[in-house]
Amino acid sequence: MENLGGDGDTVSGLAGRLRLQRSRALEVDDGKASDQKLNDGSWMDVGRKYIQAYEYLCHVGEAKQWIESCLQETAPPTSVFEESLRDGVILAQLAQAFRPDIVKKIFIDPKLQFRHSDNINYFYRFLHESQLPELFIFELTDLYDAKNMPKVIYCIHALSHLLAKDGKAPKIKNLVGELNFTEEELQNKQEHLQETGMPIPSFHGIDKKLATEMAPIPELTEEEKRQQWLQENVETIERLQAQARAFTARCQHRDRLQHFLDNERDVTRCQALYRGREVRKEVQARKRYWAENEGAINLIQSHCRGYLKRKKRDADAKYWADKKDAIVLVQSLWRGRQERLKRDADAQYWSENETAVILAQSRWKGRQQKRAYAARLAHFRDNEDIIVRMQAMRRAKKERDSYKSRLDYLKSQGDAIRTIQACIRGTRACNNYNNLNSENPPIGTVQNFLHLLEEDDRDWQEEIELQTTKQTVVRRIRENLESEDWLNDLDIKIALLVKNRVSLDEVSRLAKRMRTRRGSTASPNGSPTGSETDLAGDVSPVAYLKALDVESRRRLDNYQNMFYLLQTDPSYLTKLFYLMRSWSADVVKRYVETCVPSLFSFGQNEREEYLLLKLFRCSIEYEVQDSHSVQDYVRSNPTFIKLVVQYTRGAKERKYLRDLLNPVLQRVFDLEGELDLDPINIYKASIREQELRTGQRSSKQFEVSREEALTDPETRERFIKNLHVIRDLVELALSEILGSLEKMPYGIRFIAKELRKVLAKHFPDEVEDTIMRVIGNLLYYRYMNPAIIAPDVFDVCEVIISPSQRKTLSEIAKLLHSISVARVFSASEPHLVPLNEYLGNAIQRFHRFLLNAVNVPEPEERFRLDAFSEVAMTTKPVIYISPDEIFTMHATLMENANHVCGGPEDPMRQILTELKAPPVFGVQQTRVNKEGPKMESVGSPGFQGPSYRTSRSQAPEIALKLTNRFVSTNEDSSALQVKKLMLETKKMIVMVLRVQPATSDLVQLLCSGVSEEDEVRYQQLVKSDETSRRARRMKSTSMVSMFKQSQIQQESGATLVGTDVEPRRPESYIQLKGLCLENLATLEGLGLVSGGDYYQEMLNEIAREITSKRERRFQRSREVNALKETLNNVDDKARYLDEQIRSYQEYVNACIGNMTVGKKSARRNPLPFTRQYFHNRELARSGRAPQFGSYKYTARQLLEKGVLEEITADGVSQKMFDRIHLTVSSNEPGVFDIEAAFAPALGMALATDKTVIRLDELLQYQFNNVQSIEIMDCAKVNVNLMLYFINKRFFQ
């Protein structure tokens, strides 16, 4: 079987025991698997039946390899090695290699003869002289007749350990898991072992058994012990010395480098002085050399000067010869210069008489010009018409040529011209737009950019997309929560099936019911498939809210106001969280996972996340005020922390955890085996492994302390290895955490910051380290730790995590938690104290990380929201919530109104008074308290909280448009009224600017006259706005119909955002102006605007809205992108959950197929005329043969096997054990009937006794480390050996 013995195939905690895996157990030489074995689920049986043969063949290979190393010869292959030993030739050669004097002559013949026993006797003599105990020596017939070949191999192993201990031979190697055999070899060997019935001795711990059997070794002196220890640990000592030398060298180098760095200035000065000294020495040496050779240097210089003079003379002569033509040219130039001097003298003369000369010349020229002018003028007069026509034609042609040339140039530079024009227009637009940001923008600039305030189709579509995406996200999150609940239920049922605690039929029914429910959860278009009135009551929850009557409308308005108050005023939920500390865990979980997240739309956009963080801030302040110390706060376990944990499971947080933990998980998945840091568990695991593998009771003591467990060499070696691996994994995880600060979500960092600030404020005397431990507990234990322990649950990974890997992750999480709370291991855990040095350094690093983590801005700055943002919103917020969540929250507030609400004037109390008692719908919506509307008091231990049990799939979600009707007219709410008046006035001014061209200021524009064209333009704008609103309303209705909720929008009043109907405008333009002036006068009386600056503040407000419109679009785009990312993550999780459900269903089907095959499989017939043979024949005749077999033994046989430890019945001696018959049978999977029959010859009046043992009970006893149990009140059974017996007899 290929890869059956790989290192990754060992069972966690059972060294040498091979793990049964589907992907490995079915592999053969060609790497192909049997589809039939995969489908029928029998891969576990296929892998299990070859384990004994494989391990035995590995031990044979170990003996073969050891003999080859001793003889320096090649032995036959492992498959025929046992047969080659029968003639004793190899054994005699082995004895001759160590004791040549013993072996006289080795008889060799290809045919096995009796003379070959002489070869075996030589080996016997060698064994006796080597003082090998008789316990390990085989009989002659065991080898010659091959009656017990495992005993021969066992003897060779014992001899190897004896010779290796004396230093005469090399140690035998452990090849289990390293050798590969074909499936045919394993099958043949397994069949041979079963046919012969030869027992397989335990090869594990053979060295200890050998030491026990041998005579005590003479006591060595201290020096001899020291030399022996040094000889045995030469490699370790050399490695430690090398490490010590390397460490010393590194320390010396580091100290020297640090010394140079500390004295850098002095070292630099010394280097400069040294270089200067060397330069001066070189200069002095050169000067001395010149002084000593001054005569020679002067002679050389004189020769050089003579040579240079001669060279210059020859060069001058050659120069003049080469420049002959140039010299002639210079001479001619000289002569020309003389001529020019002469000419200049003449010119000087004429210059002195210039006036007279000019006068004479001018008179002559004037006379000549007058004659020519008179003749030309006469010619023009004679041809005047022709000349005028020619001039016109010439000018026309010149203009045409100029225009054409310009036009061609512009055409050739078309792209550049368009770019320049765009730049100019863009620059002008930018300058005008920048004027909007000036202190007082002009009215003309504001009017030019009024079109930016209009809500176009793009804005409308984006708003619709935002709301529909938000609704889809909420619905998908609910579906995933429901799938997780189903998956958890199915997981528990399958786990119980494995332990045989529930029947397979129950699991199958649950899987079918889950498939039916999941298939009917929602229709393809996202609407519920069931009718809204399927409940047993007379009216459905949705109809209760959206009925077309005044009472339903008033009720819906109250619910919208109630949830608006719960969203914006965190004091109500904060007090409710405080009361929930005494409620049951299931009720608190329902509120934290469904009601409150739905109220805040799971924090999917900036507004809801901002309000949710405000709730956390208020809850922290309230809980800390109620605590007397930091420790008191930590022990109180406030409820809002559970909501924080739910909040940190969002898409952004899951992505952060996935990127953070992927490197760590990859390292853990690459590990082989289980990493346990408890020496006792490691020690007990080795014992259980030995007993399950050999079928014999271990000689080791089972119950030991940690110190005693660490004295075991195998346990100590495995513990030290696990300690190093765990430390490396913790360092990797810590490095990833410290390096991911910038990617950590803002929400959890702000919660940590607020918690630190409130704790420091209320407990000023508390040290900083104590507060930071609380912050570390929040950021790590509440946020990161669950994802490390269960990464598959938090979508960090999508693979199935084995129990050993989950155990490793738990150990990593334990150490990281110690680092986060700054706690090292105490003396109560001495085996972990060596990690304290590393933990001390890690704690300091994590403390710096926490200080940086809490350094974040306030939510108001982060989200750019304030107290007036709700009033300034042009559209109202919408949440999607199910009716059962609405009524559950209503009932909770009603029951706890005295604790949550204030006096009679409290808005929430007024709403609850108007709503009265919550409704009750049919039998499927039952209150937990059956005594009527009055429930148990909040402080009572039995308080469960109100609950409406409506399935998520049965109750459709309702879109509630949150409103606030508690805007009072007193002075406290006057700011809200003023804000509303300001908003209405701005809308009117915008309409005026759209109708009439701007003047110098706003007052002049409002006081100017109104023409008929202005009135017509105003009516057109009103009509156009009304048409646009109507079209958008129809478009929104069509989009809502895609989600099958148009009736919820139209009948319940819970419309989509942006569909608010604006108040009716004045009928005429003159009335609009008059109303606008009245509002401005009112605002001026309130001191908000001033007529002195012509109400410039209103223009400034409009300009600010224009400039912020772009930012609002970006914010909406960010919210849509965030929702889409969340939707993708939620869809990924849904696909993962579906895959998990399919995988679980396949597992159930495989179990069903495996059980069916088990019922039909034929069992090996017993030998004729044996006790088992007659027992089976009697059962067959009576028709009582169990489906899965029945086996009959005497009490003495089971005592010898170790299954029975003792019989405690009174009056039963050991001589009677042969007459006590015990029958073990199974007629039901995992259930075993034990019947004890007492023979009549005993003369005792004891009736037949029966008992039942279940496989899951035995496994639970083994898990709880129970060694033996009592059955039938008269016998004790060894748990491990009983499991071995059952596996061997019933699960072959």
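Residues numbered from 1 in each chain as written. Predicted model: local features only at pLDDT ≥ 70, side-chain atom pairs only at ≥ 80, totals over all residues. Heavy atoms only, no water.

Mind showing me how you'd approach the overall build of the chain here?
Looking only at helices and strands, the chain features 52 helices and 11 strands. Within the span of the chain, comprising 1292 residues, buried residues form 40% of the whole. With an accessible surface of roughly 72,800 Å², the chain has 52% of that area assigned to carbon and sulfur atoms. (Helix = DSSP H or I, 4+ residues; strand = E, 2+ residues; numbered from the N terminus. Buried < 20%, exposed > 50% of the residue type's maximum accessible area, 1.4 Å probe, protein only. Areas by Shrake-Rupley, 256 points an atom, 1.4 Å probe, with all protein chains shown as cover.)

What is the right way to look at a nonpolar patch on the surface in this model?
There is a patch of nonpolar side chains on the surface, built from Tyr319, Trp320 and Ile327 and spanning about 320 Å² of accessible area. Relative to the helices and strands, Ile327 is located in helix α16 (residues 324-352). Given a relative accessible area of 30%, Ile327 falls into the partly exposed group. (Patch = residues over 30% accessible without salt bridge, like charges linked within 9 Å, V, L, I, M, F, W, Y side chains within 5 Å. Salt bridge = Lys/Arg side-chain N within 4 Å of Asp/Glu carboxyl O.)

Would you mind showing me how to read the nonpolar core here?
In a soluble, globular protein the nonpolar side chains are often hidden away together inside. Met562, Phe563 and Leu566 are the most contacted members of the largest nonpolar core, which has 119 residues in total. With 11 residues, helix α35 (residues 768-789) is the single largest residue contributor to this core. Here Met562 is in contact with His890, Leu893, Met908, Ile911, Leu912 and Leu915, once residues within four sequence places are set aside. Ala63, Tyr122, Leu143 and Val152 belong to the second largest nonpolar core, which has 46 residues in total. (Core = buried A, V, L, I, M, F, W, Y, C linked by side-chain atoms within 4.5 Å. Contact = heavy atoms within 4.5 Å.)

Before we go on, may I ask you to explain the packing of helix α34 (residues 746-762) against α35 in this structure?
Angle between the axes and distance between the axes: these two values describe a pair of packed helices. The interhelical angle for the contact between α34 and α35, taken along N-to-C directions, is 155 degrees, at an axis separation of 10 Å. The angle between α34 and α35 places the two elements in the roughly antiparallel class. Here α34 and α35 pass one another in a crossing that is right-handed. The segment α34 lies against α35, with Ile748, Ile751, Ala752, Leu755, Arg756, Leu759 and Ala760 engaging Glu768, Ile771, Met772, Val774, Ile775, Leu778, Leu779 and Tyr783. Tallied by class, residues from the contact of α34 with α35 come to 13 nonpolar, no polar and 2 charged. (Axes fitted to C-alpha atoms, helices over the stretch in contact; angles between N-to-C directions. Parallel < 35°, antiparallel > 145°, perpendicular 65-115°, else oblique. Left-handed = near helix turned anticlockwise from the far one by under 90°. Nonpolar A, V, L, I, M, F, W, Y, C, P; charged D, E, K, R; others polar.)

Honestly, the packing of aromatic side chains in this entry has me stumped. Any pointers?
One pair of aromatic rings is described through two measures. These are the centre distance and the angle between the planes. Per the stated rule, a full pass over the model turns up 16 aromatic pairs. Measuring from ring centre to ring centre gives 5.4 Å for Tyr124 and Phe138, while their planes differ by 45 degrees; the resulting arrangement is tilted. Here Tyr124, found in helix α7 (residues 116-129), pairs with Phe138, found in the loop between α7 and α8 (140-144); they are 14 residues apart in sequence, far enough to count as distant. Of the residues examined, Tyr124 reaches a relative accessible area of 13% and is grouped as buried. A relative accessible area of 2% places Phe138 in the buried class. The rings of Phe98, Phe123, Tyr124, Phe126 and Phe138 are connected pair by pair, giving a single aromatic cluster. (Phe/Tyr/Trp six-rings, centres within 6.5 Å; stacked < 30°, edge-to-face > 60°.)

It is not clear to me how α35 should be interpreted in this structure. Could you clarify?
Across its 22 residues, α35 extends 29 Å between first and last C-alpha, which sits within 8% of the 32 Å expected from 1.5 Å per residue. At Tyr781, α35 shows its largest kink, close to 35 degrees. (Expected span 1.5 Å × (residues − 1). Bend = angle between axes of the 7 residues up to and from the residue.)

What exactly am I supposed to notice about the pattern of salt bridges here?
Between side chains of opposite charge, pairing is possible as soon as their charged atoms come close. The tally for this structure, following the rule as stated, stands at 26 salt bridges. Residue Arg99 is joined to Asp101 by a salt bridge in which the shortest nitrogen-to-oxygen separation is 3.1 Å. For Asp101, a relative accessible area of 53% gives the class exposed. Taken together, the shared-partner salt bridges in this structure form one network comprising Arg617, Lys753, Glu754, Lys757 and Glu858.

Mind showing me how you'd approach the sheet that holds strand β7 (residues 1220-1228) here?
As a general point, the strands of a sheet are linked pairwise by backbone hydrogen bonds and lie either parallel or antiparallel. Strand order in this open sheet of 4 strands is β5-β7-β8-β9, and the pairing throughout is antiparallel. Every interior strand has two partners, whereas the edge strands, β5 (1190-1194) and β9 (1249-1254), have only one. Looking at each pair of strands side by side, their axes are set apart by 20 degrees on average, direction ignored. As judged from the 6 bridges shared by strand β8 (residues 1231-1238) and β9, these two strands associate in the antiparallel manner. The residue bridging Ala1236 from the neighbouring strand is Asp1249, located in β9. Contacting β5 and β7, helix α49 (residues 1171-1182) runs over the sheet at an angle of about 135 degrees to β5. (Pairing = 2+ DSSP bridges.)

Could you clarify how one ought to interpret the sheet that holds strand β10 (residues 1268-1271) in this entry?
With antiparallel pairing, 3 strands are arranged side by side in an open sheet as β6-β11-β10. Two strands bound the open sheet, and with one partner strand each, they are β6 (1204-1207) and β10. Across the sheet, the mean angle from the axis of one strand to that of its neighbour is 20 degrees, orientation sign disregarded. Bridging between β10 and strand β11 (residues 1275-1278) involves 4 bridges; their strand directions are antiparallel. In the sheet register, Ile1271 faces β11, and the bridge partner there is Ala1275. On the sheet, helix α52 (residues 1279-1290) packs against β10 and β11 and is oriented at approximately 70 degrees with respect to β11.

Honestly, the packing of helix α36 (residues 803-820) against helix α37 (residues 836-853) in this entry has me stumped. Any pointers?
In the contact formed by α36 and α37, the axes pass within 8 Å of each other and the chain directions differ by 60 degrees. In terms of axis orientation, α36 runs oblique to α37. α37 is crossed by α36, and the crossing has right-handed handedness. In this structure, α36 contributes Leu815, Ser818, Ile819 and Ser820 to the contact, and α37 contributes Leu839, Ala842, Ile843 and Phe846. Of the residues that constitute the contact of α36 with α37, the class distribution is 6 nonpolar, 2 polar and no charged.

Please explain α36 as it appears in this structure.
Given 3.6 residues per helical turn, the α-helix brings residues three or four places apart onto the same face. Taking 1.5 Å as the rise per residue, α36 with 18 residues should run 26 Å; its terminal C-alpha atoms sit 25 Å apart, in good agreement. Buried residues dominate α36, accounting for 13 of its 18 residues.

Would you explain the side chain of Lys1073 in this entry?
Checked against the element boundaries, Lys1073 lands in helix α47 (residues 1069-1085). Asp1014 provides the closest opposite charge to the buried, salt-bridge-free Lys1073, at an N-O distance of 5.8 Å. Apart from residues lying up to four places away in sequence, Lys1073 is in contact with Val992, Gln996, Leu1005, Leu1006, Ser1008, Gly1009 and Val1010. (Lys, Arg positive; Asp, Glu negative; His and termini not counted.)

What is the right way to read the pairing of β11 from this model?
Two faces make up the sheet, and in a regular strand the side chains alternate between them. Summarising the sheet, β6 and β11 pair through 3 bridges and their orientation is antiparallel. Bridge pairing in β11 links Glu1206 to Lys1276. Linking two consecutive strands that pair antiparallel, namely β10 and β11, is a turn of 3 residues; a positive phi of about 55 degrees is found at Met1272 within it.

Would you mind going over the environment of Leu1127 with me for this structure?
Looking at where Leu1127 falls in the secondary structure, it is placed in helix α48 (residues 1096-1160). Accessibility expressed as a relative area gives 16% for Leu1127, which makes it buried. Excluding its chain neighbours within four sequence positions, the residues that come into contact with Leu1127 are Thr472, Val473 and Arg476.

Looking at this structure, I do not really get the confidence of the model for the chain. What am I missing?
Taken as a whole, the chain shows an average pLDDT of 76; of its residues, 80% reach a score of 70 or greater. Note on residues 1-44: pLDDT is under 50 here. Beyond four places in sequence and across chains, it has 104 contacts. (pLDDT = per-residue confidence, 0-100.)

Would you explain unusual backbone geometry in this entry?
With the exception of glycine, most residues fall at negative phi, and the peptide bonds are largely trans. Even without being a glycine, Gln72 presents a positive backbone phi close to 60 degrees. Mapped onto the fold, Gln72 is located in the loop between α4 (51-71) and α5 (78-84).

Could you clarify how one ought to interpret the pairing of β8 in this entry?
Inspection of the sheet shows β7 paired to β8 by 7 bridges, in the antiparallel sense. By the bridge assignment, Glu1228 is partnered in β8 with Val1231. Connecting β7 to the antiparallel partner β8 that follows it, the hairpin turn spans 2 residues, and Gly1230 within it adopts a positive phi of roughly 85 degrees.

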